[in-house]
Amino acid sequence: DAKTTQPPSMDCAEGRAANLPCNHSTISGNEYVYWYRQIHSQGPQYIIHGLKNNETNEMASLIITEDRKSSTLILPHATLRDTAVYYCIVRVERSGTYKYIFGTGTRLKVLA
Amino acid sequence: DGGITQSPKYLFRKEGQNVTLSCEQNLNHDAMYWYRQDPGQGLRLIYYSQIVNDFQKGDIAEGYSVSREKKESFPLTVTSAQKNPTAFYLCASSITSRSSYEQYFGPGTRLTVT
């Protein structure tokens, strides 16, 4: 199954853009990339997803490289409330069933 | 409000006892998932189910069992065979489709076995 690799931790100054990288070099052509975040002891919260094209929503932007082997989640103006663990996930299909493969996550700390 | 309910939030059991964690969703989602999370770690897939009366093992299914008798319910039993059951357990659901749909997560159950 496709595997994702993320840096274990990052810091970002409040108000600046946070750029979180993810490597998914074994991803297949029809497998989507998802990003979630988790604040301590809560269920993960959906942020954004994409297949080939770059995506943007009210929370973040997702940049996927042309070869799809890596992606970057961008939080354009990080706030203290964005401090969380961010997970890069690949959705894998096997015989009509779908499972979501979580990476180990990046612990983002937004500094005042 | 639509969503996923997990109960209880905290659960304590003695070693050697089976324990069942509840997961209910009213989102009309076909697929449901169970994950385990250990301190400082990511989520690992235990079991998942795409339709009623069918489920598949995830990466760490040993010592766990599930059932899917109703679309809205996917209970997880942690058996006495699970060597290290103390963990945070998360249930999720999603629409099953080739198109992309995100997973929705419940609030989790923190199980402590002593």
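Structural data are supplied above this passage.
All of the points below concern the structure found in this document. (Residues numbered from 1 in each chain as written. Chains lettered and ligands numbered in written order. Predicted model: local features only at pLDDT ≥ 70, side-chain atom pairs only at ≥ 80, totals over all residues. Heavy atoms only, no water.)

Within chain A, the secondary structure is distributed over zero helices and 10 strands. Against the 2.2 N^0.38 benchmark of 13 Å for 112 residues, chain A shows a C-alpha radius of gyration of 14 Å, consistent with a compact globule. Its C-alpha atoms give chain A principal-axis dimensions of roughly 45 × 30 × 25 Å. The 112 residues of chain A split such that 48% are buried. Pairs at least 24 residues apart make up 55% of the contacts formed inside chain A by residues separated by at least 6 positions. Counting every atom, chain A has about 5500 Å² of accessible surface; 49% of that belongs to carbon and sulfur. Chain A carries 12 positive and 10 negative side-chain charges, and their two centres are separated by 5 Å. (Helix = DSSP H or I, 4+ residues; strand = E, 2+ residues; numbered from the N terminus. Rg over C-alpha atoms; globule rule 2.2 N^0.38 Å. Buried < 20%, exposed > 50% of the residue type's maximum accessible area, 1.4 Å probe, protein only. Contact = heavy atoms within 4.5 Å. Areas by Shrake-Rupley, 256 points an atom, 1.4 Å probe, with all protein chains shown as cover. Lys, Arg positive; Asp, Glu negative; His and termini not counted. Charge placed at Lys NZ, Arg CZ, Asp CG, Glu CD.)

Residue and element names in this part refer to chain A. Applying the stated criterion across every chain yields a total of four salt bridges over all chains. Across the salt bridge formed by Arg 37 and Asp 82, the nearest N and O atoms sit 2.8 Å from each other. Of this pair, Arg 37 sits in strand E3 (residues 33-38) while Asp 82 sits in the loop between strand E7 (70-75) and strand E8 (84-94), and the two are 45 residues apart along the sequence. The burial state of Arg 37 is the same as that of Asp 82; both residues are buried. (Salt bridge = Lys/Arg side-chain N within 4 Å of Asp/Glu carboxyl O.)

Let us look at the nonpolar core. With 23 residues, the main nonpolar core has Trp 35, Leu 73, Tyr 86 and Leu 108 of chain A as its most contacted residues. The set of elements that each furnish at least two residues to this core consists of strand E2 (18-23), E3, strand E4 (45-50), strand E6 (61-64), E7, E8 and strand E10 (106-111) of chain A. Looking at which element gives the most residues to this core, the answer is E8 of chain A, with five residues. One finds Leu 11, Ala 61, Val 78 and Ala 87 of chain B within the second-largest nonpolar core, a separate group that totals 20 residues. (Core = buried A, V, L, I, M, F, W, Y, C linked by side-chain atoms within 4.5 Å.)

Attention now moves to the state of the cysteines. Residues and elements named next belong to chain A. Scanning the model with the defined rule gives two disulfides over all chains in all. Linked covalently through their sulfurs, Cys 22 and Cys 88 form a disulfide whose S-S length is 2.1 Å. Linking Cys 22 and Cys 88, the disulfide has an S-S dihedral of approximately -80° and is accordingly described as left-handed. Of this pair, Cys 22 sits in strand E2 while Cys 88 is found in strand E8, placing the two residues 66 residues apart along the sequence. Given the relative accessible area of 3%, Cys 22 is considered buried. Cys 12 forms no disulfide, and the closest cysteine sulfur to it belongs to Cys 22, at a distance of 18 Å. Looking at Cys 12, the relative accessible area reads 7%, which means it is buried. (Disulfide = S-S within 2.5 Å.)

Geometric values such as these leave the question of function open.
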